[in-house]
Amino acid sequence: SRNCIMSSTSFVITPVLYRKYYPQEDKSKTSLFWFGLGVNIFIGNAIAITQQSLWGRALDYAVSSSTNTAAKGEAITARNINYRVVVRDSLKTEGTSAFFTVPKWAARVLMNAPV
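Let us look at the structure shown here. (Residues numbered from 1 in each chain as written. Predicted model: local features only at pLDDT ≥ 70, side-chain atom pairs only at ≥ 80, totals over all residues. Heavy atoms only, no water.)

1. Let's talk about the packing of aromatic side chains
Taken as a whole, this structure holds five aromatic pairs when the rule is applied. Ring plane angle 20° and centroid distance 5.5 Å describe the contact between Phe42 and Trp105, whose orientation is recorded as stacked. Remark: Trp105 occurs in helix α5 (residues 102-112) and Phe42 occurs in helix α2 (residues 29-64); sequence separation between them is 63 residues. Cluster of aromatic residues (ring-pair linked, three or more members): Tyr18, Tyr22 and Phe35. We note Arg57 situated over the ring of Phe99; from NZ or CZ to the ring centre the distance is 5.8 Å. The aromatic ring of Tyr61 is capped on one face by Arg79, whose charged end is 3.7 Å from the ring centroid. (Phe/Tyr/Trp six-rings, centres within 6.5 Å; stacked < 30°, edge-to-face > 60°. Helix = DSSP H or I, 4+ residues; strand = E, 2+ residues; numbered from the N terminus. Lys NZ or Arg CZ within 6 Å of the ring centre and 35° of its normal.)

Now the structure itself:
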């Protein structure tokens with residue numbers, strides 16, 4: 001789903017925003033490149049890391065009731081994910097940093113940067 005978010009920012013959101021809201025007299029191939037890069041870095045990655053954090057926390061939630069049974073050697077059975085509970089508990093314990101922090105965003109952006 002991260003790839004869906006990133007491709008949507010590149011192929012849907014960027015062209016629509018650029019066409020509708022970028023000043024006509026300033027449009028060029030270069031301005032489209034930098035505008036698209038900015039949308040991808042700032043909007044796409046912010047949404048993607050938030051979604052990745054939610055996914056990771058949801059997986060932890062699914063197996064959290066199974067931790068004790070695994071230690072006893074019993075079979076692990078995951079529970080259904082209740083996203084409302086996952087978000088509520090995460091926000092209660094860590095606030096918004098449960099899903100978004102500048103270091104998470106910077107790490108994601110730098111990981112995609114060419115060397």
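2. Section: the side chain of Asn40
Relative to the helices and strands, Asn40 resides in helix α2. The exposure class of Asn40 is buried, given its relative accessible area of 19%. Side chain to side chain, Asn40 and Ser10 meet in a polar contact 3.2 Å long. Not counting chain neighbours up to four residues away, the residues in contact with Asn40 comprise Met6, Thr9, Ser10 and Asn45. (Buried < 20%, exposed > 50% of the residue type's maximum accessible area, 1.4 Å probe, protein only. Polar contact = N/O pair within 3.5 Å; in protein donor to acceptor, adjacent residues only side chain to side chain. Contact = heavy atoms within 4.5 Å.)

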